[in-house]
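Residue-level structure breakdown
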Amino acid sequence: MKLRRSAAAAAVVFALTATATACGGESGTAGDKPGGAPSGKDAPKLPTYTVAKDVKVDSPTLKKAQKRGEIVIGSKADQPYLGFEDTEGKRSGFDIEIAKMVAADLGFSPEQITFKTVDSGVRETSISKGQVDIYVGTYSINDERKKQVGFAGPYYKAGADLLVRKDDSSIKGKESVKGKKVCSIVGSTPLQEIKKPQYGAEVTELAKYSDCVKQLIDGQVDAVTTDDAILKGYAAQRPTKLKVVGKPFTEEPYGVGLNKDDKALRDAISDALEAHVKNGDYKKAYDATLGLSGSKYAEPPALERY
Ligand code: GLU
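Notes on the structure in this doc start here. If you're wondering where the values come from, they're calculated on a predicted model, not measured in any experiment. (Residues numbered from 1 in each chain as written. Predicted model: local features only at pLDDT ≥ 70, side-chain atom pairs only at ≥ 80, totals over all residues. Heavy atoms only, no water.)

Take the site of the ligand next. The immediate surroundings of the ligand are formed by 17 residues, with K76, S120, T138, Y209 and D227 found nearest. Measuring from an oxygen atom of the ligand, one finds a side-chain N or O atom of K76 at 2.5 Å. Side-chain polar atom of R145 to an oxygen atom of the ligand: 2.8 Å apart, as the coordinates give it. Of all the elements in the fold, those that place two or more residues in the shell around the ligand are α6 (189-194), β11 (223-227) and β13 (252-259). Residues of the shell around the ligand, tallied by class, amount to five nonpolar, seven polar and five charged. (Near = heavy atom within 4 Å. Polar contact = N/O pair within 3.5 Å; in protein donor to acceptor, adjacent residues only side chain to side chain. Helix = DSSP H or I, 4+ residues; strand = E, 2+ residues; numbered from the N terminus. Nonpolar A, V, L, I, M, F, W, Y, C, P; charged D, E, K, R; others polar.)

Now the structure itself:
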């Protein structure tokens, strides 16, 4: 599909691009949905976001981005329905929508966003070194991380759960991982949790979620632990092979990560999140992304401004 991009058509172009992304259409084996992308004409539509003009915020990060004419947003690339990059480089998922709505309120169109894949283990470094302006990627707010980065949010609440092979009935919850091989991700909170001696699990630590899932399918590990929202995406992608146990055992409130001292930007992002919840974009975006993986919609948690 070729469309001429005039300023007047920009919003329409974005709407069409977003729909095309949502329709996915990647190749792959039957029942295998690489991006977890919705398909069919009845698939819920993604919202479009009005790009704010002449944004003035006393934020060093934002001023730099404005000068550059683009905002660099860190995200995940291997989390279907949340933060996924397909083989053509198209990003989709709930976190990608959160990123786009926040960027729009900061004055950046989708064409002015550069997404950069940043895995869990290097998020704090990447943010504090200014390699990304903001970060949107299943990033749990906690006090330990707040020593290094700032957070706007929370905009969603997940909880650590377990992903197992469909035919495995031996793992029913956190109490049954004793002696089991459980994979999780370097730098993630569920990894810290599952390593606690009380669980008695044999833990494998990898850098990417998709690598843990591959090991699970191949039988090298017995379970993958991380947030339920992420795991449901993988299970929805391979419904014949995988299932989520469904008993979350931690609280994972997602925030937008940013420079620790940039309070002005933090406030502006919180304002943006609030506005898009109020105008319905948040729910619409959810329904067209994460909602399709079996994660039920819940009202977003109250923002914690500081
Ligand atoms: N939400 C958890 C965390 O921030 C797990 C997901 C992730 O690694 O992004 O550590």
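Moving on, we come to the side chain of S293. Among the structural elements, S293 can be located in the segment after α10 (281-287). S293 sits in the buried class, given a relative accessible area of 10%. Only 2.8 Å separates the side chain of S293 from the backbone oxygen of L290, close enough to count as a polar contact. Once you skip the residues sitting within four places of it in the chain, S293 turns out to touch Y81, K232, G233 and A236. (Buried < 20%, exposed > 50% of the residue type's maximum accessible area, 1.4 Å probe, protein only. Contact = heavy atoms within 4.5 Å.)

Okay, the pattern of salt bridges next. If the charged atoms of two oppositely charged side chains come close together, the side chains can form a pair. Considering all chains together, one arrives at 17 salt bridges under this definition. Among the ionic pairs, D58 bridges to K63, the shortest N-O distance being 3.0 Å. For K100, the salt bridge is made with E97, and the minimal N-O distance between the two is 3.9 Å. With K100 and E97 both in helix α3 (residues 94-105) and three residues apart, the pair spans about one turn of that helix. It is possible to trace a salt-bridge network through shared partners that takes in D271, E274 and R305. (Salt bridge = Lys/Arg side-chain N within 4 Å of Asp/Glu carboxyl O.)

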